[in-house]
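A closer look at the structure
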Amino acid sequence: MSPSGDTTEDTDSRIGIKPPAISRQKVAVLISGRGSNMGALVSAALAEDYPARIVTVLSDRAGAAGLEHARGFGIAATAVPRSEHADASSHEAALQEAIEASGAEIVCLAGYMRLLSGAFARHWQGRIINIHPSLLPAFPGLDTHHRALVAGVRIHGCTVHFVTEGMDEGPIISQAAVEVLTDDTPATLALRVLEAEHRIYPLALAMLARGEVRMGGDGSSVFSPAKPGR
Ligand code: GRF
């Protein structure tokens, strides 16, 4: 901030100097269904100063609504259906090929409902993240909102974490808490958690793309300040 309150960028643009373009990490988003989290990532990446851009959306289901949603944003969206492959490993190899062909440097799982192999997780280690609808390590797996209500927790929420071999076990990058209301049903709770998901997933991806978080050697998340130029 200058003494007059201007930012350097404002001053530069007045005198015709363009600030250096930020380098944006290329991201592949894997979905299986409606793709609302994918939409939140794509929307965030429309901002010029967002440090990542979505280069491809891939689905294991041909009928996933998120594919059309992504195309509406002008993003290449392709189905890699499991049904067209003899086994899980040849399906995963096709997925890997499609991700590599897109040039993606980061993979975001956004409601991708298929378990990925340990080899896949190791290949992308530190560059693959997932959003899960609970405050991990509570309620890994499916049906999280119903299970939270049955357990009687008063605080529920969502988590963005690095993907590792174990399901929903990787180091946590970001979480948001959501109060459980006394009259909540799984559907009403899911709705408020989803709003929180849409807030934190773009923030967590930005942190990863800027190098503000990485997966450490001991399998924990290591946080550091933003690097210049990102
Ligand atoms: C989200 O609740 C996400 O946390 C979970 O699957 C759901 C996907 O929803 N992994 P959408 O397809 O992003 O709308």
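Throughout what follows, the structure given in this document is the object of discussion.

Counting secondary structure elements, the protein contains seven helices and nine strands. Buried residues in the protein amount to 43% of all 230 residues. Restricting the contact set of the protein to residue pairs at least 6 apart, pairs at least 24 apart contribute 60%. As presented, the protein carries roughly 11700 Å² of accessible surface, and 55% of it is formed by carbon and sulfur atoms.

Moving on, we come to helix 6 (residues 144-151). Buried within helix 6 are the following residues: Thr144, His145 and Ala148. With its buried residues spanning 100° around the axis, helix 6 presents them on a single face. Looking at the buried positions of helix 6, the neighbouring elements they touch are strand 5 (128-132), strand 6 (155-162) and helix 7 (186-209). Gly152 sits one or two positions beyond helix 6 and adopts a positive phi of about 80°.

Looking now at the pattern of salt bridges. Per the counting criterion, the structure on display carries five salt bridges. Across the salt bridge formed by Glu68 and Arg71, the nearest N and O atoms sit 2.7 Å from each other. Linking Glu68 with Arg71, this pair stays in helix 3 (residues 65-72), spanning three residues, or about one helical turn. What makes Glu68 exposed here is its relative accessible area of 52%. Residue Glu212 pairs with Arg210 through a salt bridge whose shortest N-O separation is 3.7 Å.

With that settled, the discussion passes to helix 7. Residues that lie three or four places apart on an α-helix share one face, since the helix turns once every 3.6 residues. Counted at 1.5 Å a residue, the expected span for helix 7 with its 24 residues is 34 Å, and the 33 Å between its end C-alpha atoms agrees. Looking one or two residues past helix 7, Gly211 carries a phi angle of roughly 80°, positive in sign.

For His145, the location among the structural elements is in helix 6. Of note is the side chain of His145, whose polar atom sits 2.9 Å from the side chain of His156.

Now for the site of the ligand. The environment of the ligand is formed by Arg34, Gly35, Ser36, Asn37, Gly111, Ile131, His132, Pro133 and Glu197. Here Asn37 contributes a backbone N or O atom positioned 2.8 Å from an oxygen atom of the ligand. Interatomic distance of 3.1 Å between a backbone N/O atom of Ile131 and a nitrogen atom of the ligand. Starting from 360 Å² of accessible surface for the ligand in isolation, the protein chains cover 86%. When residues of the shell around the ligand are traced back to their parent elements, those giving at least two are helix 2 (36-44) and strand 5. Residue composition of the shell around the ligand, by class: two nonpolar, five polar and two charged.

Parameters and conventions
- Residues numbered from 1 in each chain as written.
- Predicted model: local features only at pLDDT ≥ 70, side-chain atom pairs only at ≥ 80, totals over all residues.
- Heavy atoms only, no water.
- Helix = DSSP H or I, 4+ residues; strand = E, 2+ residues; numbered from the N terminus.
- Buried < 20%, exposed > 50% of the residue type's maximum accessible area, 1.4 Å probe, protein only.
- Contact = heavy atoms within 4.5 Å.
- Areas by Shrake-Rupley, 256 points an atom, 1.4 Å probe, with all protein chains shown as cover.
- Arc of directions from axis to C-beta.
- Salt bridge = Lys/Arg side-chain N within 4 Å of Asp/Glu carboxyl O.
- Expected span 1.5 Å × (residues − 1).
- Polar contact = N/O pair within 3.5 Å; in protein donor to acceptor, adjacent residues only side chain to side chain.
- Near = heavy atom within 4 Å.
- Nonpolar A, V, L, I, M, F, W, Y, C, P; charged D, E, K, R; others polar.

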